[in-house]
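Take a look at the letters that make up each chain.
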Amino acid sequence: MRVLTSIAVVALSWLASASAFAQGSISALPRNETLIVENPEGTIKNAGWFNIWAINAGGQSTGLHQLGMDTFWYIDPNRGVEGVWDNSLATEKPIYNADFTEMTVKLRKGIFWSDGVEFSAADVVYTIETHMKTNGLRWSAAVQVNVASIAATDSSTVVFKLKKPNSRFHALFTVRWNAMWMMPRHVFEKAGDPLKFDFNPPVTLGAYTLNSFDPNGKWFIWQKRNDWQRTTVARFGQPGPKYVAYIDPGPPDKRVIAQLNHELDIIHDTSPEGMFTLAKQSKTSHGWFKGFPYAHPDPTLPAVILNSQLDMFKSRDVRWALALLIDIKAVSMASYRGAATISAIAVPPTGTHPEYYHQPIEAWLKDFELDTGKRKFKPYDPTVGQQIATMLRPSMGDQIPTDAKDISKAFGMGWWKPDAQAAQELLERAGFTKRNNQWYMPDGKPFAIRITVEGELRPVMTRAGSMIAQQWRQAGIDATTIVAQGSLVDRRSAGDYDVIISWSVETWGGHPDLSFFLDSWHSQFVAAPGKPQPPRNWQRWSNPELDKIIEQIRQVGFDDPKGLDLGRDFIKLMVREMPIIPLMSYNVFTVMDDTYWTGYPSAETAPYTDPVPNWGNTKYMMVKLKQRQ
């Protein structure tokens, strides 16, 4: 039987963790029963900390939340195993009363913790009450703001009484990437302070339990439970891998080498160049798309986020002018080497969103007119996705699709036409002047913009920011990039930027409801200048029409068609006002190797879940994976 001797070699040469491997068990694992996955968190500082409810430098994407945790519901960012929505610990969707002040959850029976104790309503009540009385847990604030009380009416029913109407309260317990996980009462009630308890080893609800881990944080091994039938994924079959190892394989080039040597089954994310190398040199490696652009479009929307509290961006004319000075084709080529899925609207072009939003609103976009004060024109070009495909076809050949629907799926639909003349007319109407090919603001100061990027920690977005800065400079704007490597999140929250290349739009992906991010955009949450901004309205933009849309969404059910209509109203408002300039989905170059395992999700034949391995939804991948015979 082949064993993971090669992984030990990789660890010794890359990970500087020889002592950990000497006392660990990775090299003893049967390779054909082990799935090896990149942990995108890298090396975990506090490797022995498994208390996911308390933040103390432990890891989440070590397999802990993917394989060990569980909660009421999951919404898949793609199609799902048996539909987008899955009742996991719950047996049915949330049950609200008429005014959304009460939510009842019916729990699945016959689900057991890995130590043999049955899961029940008592665990749910304990989880919530612990968060209600404990400040500083990961979900304390969300629970304390919403929950007045919780009670178990029987061993499989809990009733939440809310402090105010909230038709989206269930989102707290619905996994997109993660959600609020259930705590084992019988473990934590004996552990003392929940903020100080390491939960090592973790008692799990998922189909796997911890086998071993490197105390230096380089690798974590999970083993399929003998009683996996008593977990929620058993409804879909037995998980394929007996062992799942989450490792830190090093930088992108070494991830590529590891997969070329069949020592890394799933690369979480690599560079476009790394993906192209694997596509050319490895017959068993593939991405989400079989061919170009390979990458999985996550339900996240990278955008040019404009700080709306700065005077220079308060005019819609200025914001639109900046959009018209961007050539999205050049941004696509600079950032993703063309492997981008563009979006002109404030919803990522992924999952079910194209059929719910992009396609239905296309006719409106084609008819949309912009008034510069001197003329009206239609700025939308529906052929941009096709243009990108045409640009790539000479070098990529038949890897580039020719069918219009396939092109739209891979590269997106349309975007805004670059129009320097219209941008000039809009800036002039806003009181800006141009002298010696340099723009000046109404107060006479040069129109200077700092574009904050994340450097090598997120090279694709950094390249996009650099290209946009170049395009704005060519138009006479003093645009420069500022690298905030390791501090971008803090600066984004503090509003310490002019423009930032990031995202404030994150959606469910598989479900059209936009409240996952949109509710946080209400003006009630906008921080004063200089104060930290709560997630996710990083642009700090407020608008009475936006508030009205959000308030209407709060009053309709999650699956009510009115929510979809209101979502489209939001998109139209965003087009008219342009508070952020949407660019593309966040395409992740997740690469899967078929040498030992088959059944990975894919765009063409198996879009059942997100292949990106740090998502909680990847627990469903385990039941689809089969050993290659």
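Parameters and conventions
- Residues numbered from 1 in each chain as written.
- Predicted model: local features only at pLDDT ≥ 70, side-chain atom pairs only at ≥ 80, totals over all residues.
- Heavy atoms only, no water.
- pLDDT = per-residue confidence, 0-100.
- Contact = heavy atoms within 4.5 Å.
- Pairing = 2+ DSSP bridges.
- Helix = DSSP H or I, 4+ residues; strand = E, 2+ residues; numbered from the N terminus.
- Domains from an automatic or database assignment.
- Buried area = accessible area lost by both parts, 1.4 Å probe.
- Salt bridge = Lys/Arg side-chain N within 4 Å of Asp/Glu carboxyl O.
- Polar contact = N/O pair within 3.5 Å; in protein donor to acceptor, adjacent residues only side chain to side chain.
- Right-handed = clockwise from strand over helix to strand, strands pointing away.
- 1 Å grid on protein atoms, 1.4 Å probe; cavity = no way out; pocket = protein on both sides within 12 Å on 5 of 7 lines; lining within 4 Å.
- Points joined across faces, edges and corners; volume = space filled by probe spheres on them.
- Buried < 20%, exposed > 50% of the residue type's maximum accessible area, 1.4 Å probe, protein only.

Caption draft 1: Structural view of the confidence of the model for the protein. Looking at the protein as a whole, the pLDDT averages 94, with 96% of positions reaching at least 70. Overall, residues 1-24 carries pLDDT values under 50, and its contacts beyond four positions in sequence, including any with other chains, amount to 48 contacts.

Caption draft 2: View of the sheet that holds strand β2 (residues 73-75). The strand order across the open sheet built from three strands is β3-β2-β8, with neighbouring strands paired in mixed fashion. Pairing within the sheet leaves two strands with one partner each, and these edge strands are β3 (85-87) and β8 (174-175). In the sheet, β2 pairs with β3 via three bridges, with the strands oriented antiparallel. Across the sheet, residue isoleucine 75 finds its bridge partner in β3, namely tryptophan 85.

Caption draft 3: Structural view of the domain arrangement of the protein. When cut into domains, the protein gives domain 1 (31-258 + 600-627) and domain 2 (297-587). Computed from C-alpha coordinates alone, the two centres of domain 1 and domain 2 are separated by 33 Å. Roughly 1,600 Å² of surface becomes buried between domain 1 and domain 2 when both sides are summed, with 52% attributable to carbon and sulfur atoms. Looking only at domain 1, the three residues that lose the most surface to domain 2 are Ile75, Arg168 and Arg176, adding up to 41% of its buried area. Inspection of the domain 1/domain 2 interface yields four salt bridges. When the shortest N-O distance is used, the salt bridge between aspartate 559 and lysine 93 registers 2.7 Å. At the boundary of domain 1 with domain 2, the tally comes to twelve residue pairs in polar contact (both at pLDDT 80 or more).

Caption draft 4: Looking closely at the pairing of strand β22 (residues 448-453). Bridge count for β22 against strand β23 (residues 478-483) is six bridges, and the pairing is parallel. Across the sheet, the residue bridging to isoleucine 449 is alanine 479, located in β23. Crossover connection from β22 via helix α15 (residues 459-474) to parallel β23: handedness right-handed. Of the strand pairs in this sheet, β22 and strand β24 (residues 499-502) are connected by two bridges, and their pairing is parallel.

Caption draft 5: Region of interest: the layout of surface pockets. Roughly 580 Å³ of volume is contained in the second largest pocket. In this structure, the second largest pocket is lined by 29 residues; those nearest its centre are Pro349, Gly351, Pro354, Gln359 and Lys409. Elements with a contribution of two residues or more to the lining of the second largest pocket: α11 (353-367) and α13 (404-411). Among the elements that make up the lining of the second largest pocket, the one with the highest residue count is α11 (seven residues).

Caption draft 6: Unusual backbone geometry, seen in detail. Here the residue pair asparagine 200 and proline 201 is connected by a cis peptide bond, since its omega of 0° sits within 30 degrees of zero. Mapped onto the secondary structure, proline 201 falls in the loop between α6 (185-188) and β9 (208-213). A cis geometry characterises the amide bond from phenylalanine 292 onward to proline 293, with omega recorded as 15°. Structurally, proline 293 is set in the loop between β13 (285-286) and β14 (296-298). Within the chain, tyrosine 294 stands out as a residue other than glycine whose phi angle is a positive 70°. We note that methionine 578 has phi near 50°; this positive angle belongs to a residue other than glycine. Classification of methionine 578 as buried rests on a relative accessible area of 1%.

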